[in-house]
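Residues per chain are reported as follows:
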Amino acid sequence: TLEKCSELLIKYGGHSQAAGVTVDNKNLEKFYEKMNSLIEKELEGKDISPVIEIDAEITPEDIDFNFTESLRKFEPFGMGNPQPVFMMKKLIVEEVKTVGNGDKHLKLFLRGESGTPKILEAIGFNFPNHFNLVKGNKVDVVFNLEEDNWNGNQKIQLKMIDLKLAV
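Residues numbered from 1 in each chain as written. Predicted model: local features only at pLDDT ≥ 70, side-chain atom pairs only at ≥ 80, totals over all residues. Heavy atoms only, no water.

**Quick word on the overall build of the chain**
When you go through the chain residue by residue, the secondary structure sums to three helices and eight strands. The helix and strand sequence of the chain, counted from the amino end, reads β-β-α-β-α-β-β-β-α-β-β. Expressed as a percentage of its 167 residues, the buried residues of the chain come to 29%. When contacts within the chain are restricted to residue pairs at least 6 apart in sequence, long-range pairs at least 24 apart make up 56% of them. About 11300 Å² of surface is accessible on the chain, with carbon and sulfur atoms providing 49% of the total. Within the chain, one finds 21 positive and 27 negative side-chain charges whose respective centroids are separated by 2 Å. (Helix = DSSP H or I, 4+ residues; strand = E, 2+ residues; numbered from the N terminus. Buried < 20%, exposed > 50% of the residue type's maximum accessible area, 1.4 Å probe, protein only. Contact = heavy atoms within 4.5 Å. Areas by Shrake-Rupley, 256 points an atom, 1.4 Å probe, with all protein chains shown as cover. Lys, Arg positive; Asp, Glu negative; His and termini not counted. Charge placed at Lys NZ, Arg CZ, Asp CG, Glu CD.)

Pasting the structure below:
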């Protein structure tokens, strides 16, 4: 797509994950217009809804320090080796808190539908609009598992990727 705008650029380059351009100020507006037009044409008729690939559906009973220790054997995570993504369905929301600067992070305390006494702690960064959505309901959660060590207390928490009301 950058090649199709080359006449407006001083220099450009990149690869499938990133690109850079240098544009003369006098051509900046034309560049924006042409890029927008090319992108609209490229995306026309395509479903660009976000998709989350889930590695496994698990239950609260699956989560313990042995499980997280097993996951560490797959590290380091990054490009080409993404962190595993899990899903749990119909978790009962026991408590909801907002945390962080501006209360924009969501902290949930969840229990499995089976009535297990095990409470799972979940954190969702930049989830402020979900506070009223989940309080007192059952939810389906997509997450990564993390061990958290704070002031000598070790715990496992769900780092939420997505969240919705259970059906």
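**Focus: the environment of Ile-58**
Within the element layout of this structure, Ile-58 appears in the loop between strand S3 (56-57) and helix H2 (65-72). Sequence separation between Ile-58 and Lys-89 is 31 residues; the distance between their C-alpha atoms is 8.5 Å. Setting aside anything within four residues of it in sequence, one finds Ile-58 in contact with Ile-63, Phe-67, Phe-86, Met-87, Met-88 and Phe-143.

**Quick word on the nonpolar core**
Core analysis: the biggest nonpolar cluster contains 22 residues, and Leu-108 and Leu-110 have the highest contact counts within it. Secondary-structure elements contributing two or more residues to this core are strand S4 (86-99), strand S5 (105-111), strand S6 (119-124), strand S7 (138-150) and strand S8 (153-165). Leaving out residues up to four positions away in the same chain, Leu-110 has contacts with Leu-91, Ile-92, Val-93, Lys-118, Ile-119, Leu-120, Ala-122, Val-139 and Val-141. Of all hydrophobic cores here, the second largest spans eight residues; its members include Cys-5, Leu-8, Met-35 and Leu-38. (Core = buried A, V, L, I, M, F, W, Y, C linked by side-chain atoms within 4.5 Å.)

**What about the pattern of salt bridges?**
The tally for this structure, following the rule as stated, stands at 11 salt bridges. In this structure, the salt-bridge partner of Glu-95 is Lys-97, at a minimum N-O distance of 3.8 Å. Looking at Glu-95, the relative accessible area reads 37%, which means it is partly exposed. Note that Lys-155 and Asp-148 form a salt bridge whose closest N and O atoms lie 3.9 Å from each other. The partly exposed category is assigned to Lys-155, whose relative accessible area is 29%. Take Asp-148: its relative accessible area is 22%, and that puts it in the partly exposed class. Bridged by salt links that share partners, the residues Lys-107, Glu-121, Asp-148 and Lys-155 form one connected network. (Salt bridge = Lys/Arg side-chain N within 4 Å of Asp/Glu carboxyl O.)

**Quick notes on the pairing of S5**
On any regular strand, side chains alternate: one points to one face of the sheet, the next to the other face. Most of S5 is tucked away: six of the seven residues are buried. The pairing of S4 with S5 spans seven bridges and is classified as antiparallel. By the bridge assignment, Val-93 is partnered in S5 with Leu-110. Bridge analysis of S5 against S6 gives six bridges, and the strand direction is antiparallel. (Pairing = 2+ DSSP bridges.)

**Observations regarding unusual backbone geometry**
With omega at 5°, the peptide bond leading from Glu-75 into Pro-76 counts as cis. Along the polypeptide, Pro-76 turns up in the loop between H2 and S4. Even without glycine at this site, Lys-90 takes up a positive phi of about 55°. Not every positive phi belongs to a glycine, and Asn-151 is a case in point at roughly 55°. The residue Asn-151 is located in the loop between S7 and S8 in this model.

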